[in-house]
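The residues making up each chain are set out below.
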Amino acid sequence: MKKTSFRSSLLLLLTAVIWGVAFVAQSAGMDYVGPFTFNAVRSLIGGAVLIPCVFLLNRGKPASAPHSRRDLLAGGVCCGFFLALASSFQQFGIQYTSVGKAGFITALYILLVPLFGLLFGKRVSGRVWLAVGIAVVGMYLLCVKEGFSIALGDLLVMVCALLFAVHILVIDHFSPRADGVKLSCIQFFTCGLLCSVGMLVFEKPSFGQVLTAWMPILYAGVMSCGVAYTCQIIGQRDTDPTVASLILSLESVVSVLAGWLLLHQPLSPRELGGCALVFCAIILAQLPEKASRI
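Asker: Describe in detail helix H8 (residues 180–203), supporting the description with residues and values.
Answerer: Here H8 is 24 residues long and its end C-alpha atoms lie 32 Å apart, about the 34 Å a rise of 1.5 Å per residue gives. A distance of 3.1 Å separates the backbone nitrogen of Val181 from a side-chain oxygen at the start of H8, and that oxygen is part of Asp179. Phi turns positive, to about 45°, at Lys204, one or two residues after H8.

Asker: Before we move on, can you summarise the side chain of Gln26 with the specific residues and values?
Answerer: Note that Gln26 resides in helix H1 (residues 3–29). Engagement of the side chain of Gln26 in a polar contact is seen with the side chain of Gln90, the distance being 3.0 Å. A polar side-chain atom of Gln26 sits 2.8 Å from a polar atom in the side chain of Gln91. What Gln26 contacts, discounting residues up to four positions off in sequence, is Phe38, Arg42, Gln90, Gln91 and Ile94.

Asker: Before we move on, can you summarise the state of the cysteines with the specific residues and values?
Answerer: What the rule picks out here adds up to zero disulfides. Summary of cysteine pairing: Cys191 is not part of a disulfide, and the nearest cysteine sulfur, belonging to Cys195, is at 4.1 Å. By relative accessible area, Cys191 is classed as buried at 0%. Lacking any disulfide linkage, Cys280 is separated from the closest cysteine sulfur, that of Cys275, by 11 Å. The partly exposed category is assigned to Cys280, whose relative accessible area is 44%.

Asker: Can you break down the packing of helix H4 (residues 99–106) against helix H6 (residues 126–143) residue by residue, with the values?
Answerer: Between H4 and H6, the shortest axis-to-axis distance is 11 Å and the interhelical angle comes to 160°. With respect to each other, H4 and H6 are oriented roughly antiparallel. Here the hand of the crossing between H4 and H6 comes out left-handed. Mapping the contact onto sequence places Lys101, Phe104 and Ile105 in H4 and Met139, Leu142 and Cys143 in H6. When its residues are assigned to classes, the contact of H4 with H6 shows five nonpolar, no polar and one charged.

Asker: Outline the layout of surface pockets, supporting the account with residue identities and numerical values.
Answerer: Taken as a whole, the second largest pocket encloses approximately 250 Å³ of empty space. Around the second largest pocket, the lining is made up of 13 residues, and of these Leu108, Leu112, Val136, Met139 and Met158 lie nearest the centre. If you list the elements that add at least two residues to the lining of the second largest pocket, you get helix H5 (109–116), H6 and helix H7 (152–174). Grouping the amino acids of the lining of the second largest pocket by side-chain chemistry returns 13 nonpolar, no polar and no charged.

Asker: Describe H5, with residues and values.
Answerer: Among the residues of H5, Ile110, Leu111, Leu112, Val113 and Leu115 are the ones counted as buried. On its buried face, H5 is in contact with H6, H7 and helix H13 (269–286).

Asker: Which residues make up the nonpolar core, and what values do they have?
Answerer: One finds Leu108, Leu111, Met139 and Leu142 to be the most contacted residues of the largest nonpolar core, which totals 31 residues. Elements with a contribution of two residues or more to this core: H1, H4, H5, H6, H7, helix H12 (251–263) and H13. Sorting elements by how many residues they give to this core places H13 first, with six residues. Leaving out residues up to four positions away in the same chain, Met139 has contacts with Ile105, Leu108, Val144, Met158 and Val278. Counting residues in each nonpolar core, the second largest holds 19 residues, with Val54, Phe164, Cys195 and Met199 among its members.

Asker: Explain the side chain of Ser27 to me, using residue names and the numbers behind them.
Answerer: By the element assignment, Ser27 lies in helix H1. Every residue in contact with Ser27, bar those within four places of it in the chain, is listed here: Ile94, Val99, Leu263 and Gln265.

Asker: So what's going on with the packing of helix H2 (residues 35–57) against helix H10 (residues 214–235)? Residues and values would help.
Answerer: Running from N to C, H2 and H10 point in directions that differ by 40°, and their axes come no closer than 8 Å. On the basis of their axis angle, the class for H2 and H10 is oblique. Crossing handedness for the pair H2 and H10: right-handed. Mapping the contact onto sequence places Phe38, Val41, Arg42, Ile45, Gly46, Val49, Leu50 and Cys53 in H2 and Pro216, Ile217, Leu218, Ala220, Gly221, Val222, Ser224, Cys225, Gly226, Tyr229 and Thr230 in H10. Of the residues that constitute the contact of H2 with H10, the class distribution is 13 nonpolar, five polar and one charged.

Thresholds, definitions, all that
Residues numbered from 1 in each chain as written. Predicted model: local features only at pLDDT ≥ 70, side-chain atom pairs only at ≥ 80, totals over all residues. Heavy atoms only, no water. Helix = DSSP H or I, 4+ residues; strand = E, 2+ residues; numbered from the N terminus. Expected span 1.5 Å × (residues − 1). Polar contact = N/O pair within 3.5 Å; in protein donor to acceptor, adjacent residues only side chain to side chain. Contact = heavy atoms within 4.5 Å. Disulfide = S-S within 2.5 Å. Buried < 20%, exposed > 50% of the residue type's maximum accessible area, 1.4 Å probe, protein only. Axes fitted to C-alpha atoms, helices over the stretch in contact; angles between N-to-C directions. Parallel < 35°, antiparallel > 145°, perpendicular 65-115°, else oblique. Left-handed = near helix turned anticlockwise from the far one by under 90°. Nonpolar A, V, L, I, M, F, W, Y, C, P; charged D, E, K, R; others polar. 1 Å grid on protein atoms, 1.4 Å probe; cavity = no way out; pocket = protein on both sides within 12 Å on 5 of 7 lines; lining within 4 Å. Points joined across faces, edges and corners; volume = space filled by probe spheres on them. Core = buried A, V, L, I, M, F, W, Y, C linked by side-chain atoms within 4.5 Å.

Function cannot be read off these values alone, since they describe shape.
Written as structure tokens, this is what we have:
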């Protein structure tokens, strides 16, 4: 393995660990502030952290053309809109479910993206359909209780996974037309401003409440948004996309371990079995297609 590739894999693994532990920060933050407040402050911090990254990664590059700036602004606002929706449903859901279950349910967006691609005429392989079937069984074990009831928190995070799948498709549409770090910076500020509306209308937090939640908010803003995103950008440069997605999918496993170690939220054997099936489905869906023989 090349040194650059090994370093890139380590950066992606660090990203997965940071994102997995971020579920703990999101859960802990709910002890002090509301969901809109948490997302608003963390997103604005995340956007601010990426500003120096924009200057460093674009130093010496030619200025963007006017049409590129329009795509950048439109893409950043659209991505920020869906990020605000997805992260809000996730944050509300985490109030009513464990961080481990939230991590695995959220990771289902990896399966949903190719299914949504059917709407745009993209073919879905038989392997992905098999992965979906395995994931459905896993989700049944993970979320469905006796009497076929689904807990409110699990349902909210399921909606979050749907919205994150849409968010990925929007990024896929705009990312070839705009700088990735600038796009992310704008989306974080857009998300922060939209969540600020919900914060002011429904929660009206005091400055003291925000200060008491400084540690989970800073972790989610600086580490999850700023550091992890930058590590992902740098790490994916020298890593095969399939390998990158496989490493990043470890986020869901880290969320379970972090919830167990830091918040003492163990999962039952049935729920662990559901997690195992969902994780297998995620891995199966991301394995590369075999090259056809000529």
